[in-house]
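Examination of the molecular architecture
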Amino acid sequence: MEYPTKFDLQVAVQTYISAIDRNRLLDQDEREELFDHLMLETESLLEGGLTEEEAFTVSKLRFGESALISQQYEQVKPFAAVRKYILSGIMLFFIITGFSSVLQIFSLGSLALFHEWNLSNSITRYLDLGAKMMVFGFFLTYAFARIKRNQVLKKYEFWLVPLLGLLSPLLSGIAFSLGYNYLRLAGPTMSYIFLNNKIITGICMVSLALIYYILLYKRRTHLATN
Amino acid sequence: MKNFSKDLIAASTIPIVLSILRRGDNYGYQIIKEVQEISDGALNWKEGSLYPVLSKMERNGFIRSYRKKENGRNRKYYTLKQEGLKVLDAAKDEWHSIHQILCNLWNTQPSLTSR
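Residues numbered from 1 in each chain as written. Chains lettered and ligands numbered in written order. Predicted model: local features only at pLDDT ≥ 70, side-chain atom pairs only at ≥ 80, totals over all residues. Heavy atoms only, no water.

Between helix 4 (residues 66-76) of chain A and helix 3 (residues 50-59) of chain B, the shortest axis-to-axis distance is 9 Å and the interhelical angle comes to 10 degrees. Relative to helix 3 of chain B, helix 4 of chain A is oriented roughly parallel. Listed contacts from helix 3 of chain B to A:Ile69, A:Gln72, A:Tyr73 and A:Val76 of helix 4 of chain A are B:Tyr51, B:Pro52, B:Ser55, B:Lys56 and B:Arg59. A class-by-class count of the residues in the contact of helix 4 of chain A with helix 3 of chain B yields 5 nonpolar, 2 polar and 2 charged. (Axes fitted to C-alpha atoms, helices over the stretch in contact; angles between N-to-C directions. Helix = DSSP H or I, 4+ residues; strand = E, 2+ residues; numbered from the N terminus. Parallel < 35°, antiparallel > 145°, perpendicular 65-115°, else oblique. Contact = heavy atoms within 4.5 Å. Nonpolar A, V, L, I, M, F, W, Y, C, P; charged D, E, K, R; others polar.)

Its 12 residues give helix 3 (residues 52-63) of chain A an end-to-end C-alpha distance of 16 Å, which sits within 8% of 16 Å, the value for a rise of 1.5 Å per residue. By the burial criterion, the buried members of helix 3 of chain A are A:Ala55, A:Phe56, A:Ser59 and A:Phe63. Seen along its axis, helix 3 of chain A keeps its buried residues to an arc of 95 degrees; they face one direction. Buried positions along helix 3 of chain A lie against helix 1 (9-20), helix 2 (28-47) and helix 4 of chain A together with helix 3 of chain B. A:Gly64 lies just past helix 3 of chain A and shows a positive phi near 115 degrees. (Expected span 1.5 Å × (residues − 1). Buried < 20%, exposed > 50% of the residue type's maximum accessible area, 1.4 Å probe, protein only. Arc of directions from axis to C-beta.)

What follows deals with unusual backbone geometry. The phi torsion at B:Asp40 lies on the positive side, around 55 degrees, for a residue other than glycine. Structurally, B:Asp40 can be placed in the loop between helix 2 (28-38) and helix 3.

Looking at chain B as a whole, its pLDDT mean stands at 89, while 94% of the residues score no less than 70. Predicted complex metrics record ipTM = 0.87 and pTM = 0.59. (pLDDT = per-residue confidence, 0-100.)

Residues and elements named next belong to chain B. Within the open sheet, the 3 strands sit side by side as 1-3-2. Their pairing is antiparallel. Looking at strand neighbours, the two that pair on one side only are strand 1 (26-27) and strand 2 (63-70), the edges of this open sheet. Note: strand 2 against strand 3 (residues 73-80), 8 bridges, orientation antiparallel. Across the sheet, the residue bridging to Lys68 is Arg75, located in strand 3. Of the strands in this sheet, strand 1, strand 2 and strand 3 are in contact with helix 1 (residues 6-23), which crosses strand 3 at around 100 degrees. (Pairing = 2+ DSSP bridges.)

Right, here's the structure in full:
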């Protein structure tokens, strides 16, 4: 048996705005502006005695065809889409560089512990793996926050991520020179750990792509059903 | 009710928005309501089309936006900049000239008054 779904005004307005912003050209400010307008219009119609669903339908009609408004935004921001892809590419480069360097630093840390504290091979590997899982967790959190357009992240990442990206190879270089003896003595353990780094970096990038496409698919399905 | 052509609406949107902002700072929804009120509903814009225009005007430096908290919502207000004022003055001259030319062609008395 099917139950009628309850109309949710906020969701309906957000879905309509997402249809206008299909090319992701609007910033948060502009999305909020459209939201404010549609809510004001709907609220004024509600005072006239319409139901939420009816009021929103009229608001939408008055606001105009989403595809047309989307096209008008494209005309106003012709290079926004290209610029967005270029910036995303640069950011991705810095993220990969930073991430792989952080992993190397952790590996060197594990090796230093292995030699200084005479830890067994398997304990070193577990420590190394634990540290990498932690970095992987941070990476996934970052990826989710980035895709969900977290405002704080949006505000700081444009200087923080490149800074970390540039700083990390530098730190990793220093760590390498300091840990040269460990590297020389390490042998097979070392090669295992560094191979591990590359695999985990690869897994992170594949995960990022997967998260992105799953969210994109969910968003499209959501728009289609609405 | 009059039905204006799309081209005329497109050409007049920026001067109309600038004229409304000359009266004082305003936000999108209210700008549309004022246009409807002044034109007695004759100028019936598709409301959503105003926002790309506002975005374009802001990018061109005619207007500036700021946020103001109102009734629990963060509302985006627009204010006219010096550049926008210059554009408005130039637009007024152009519209007066066109109006004058058409009146001469049609042998009618111009009734537009400059403010």
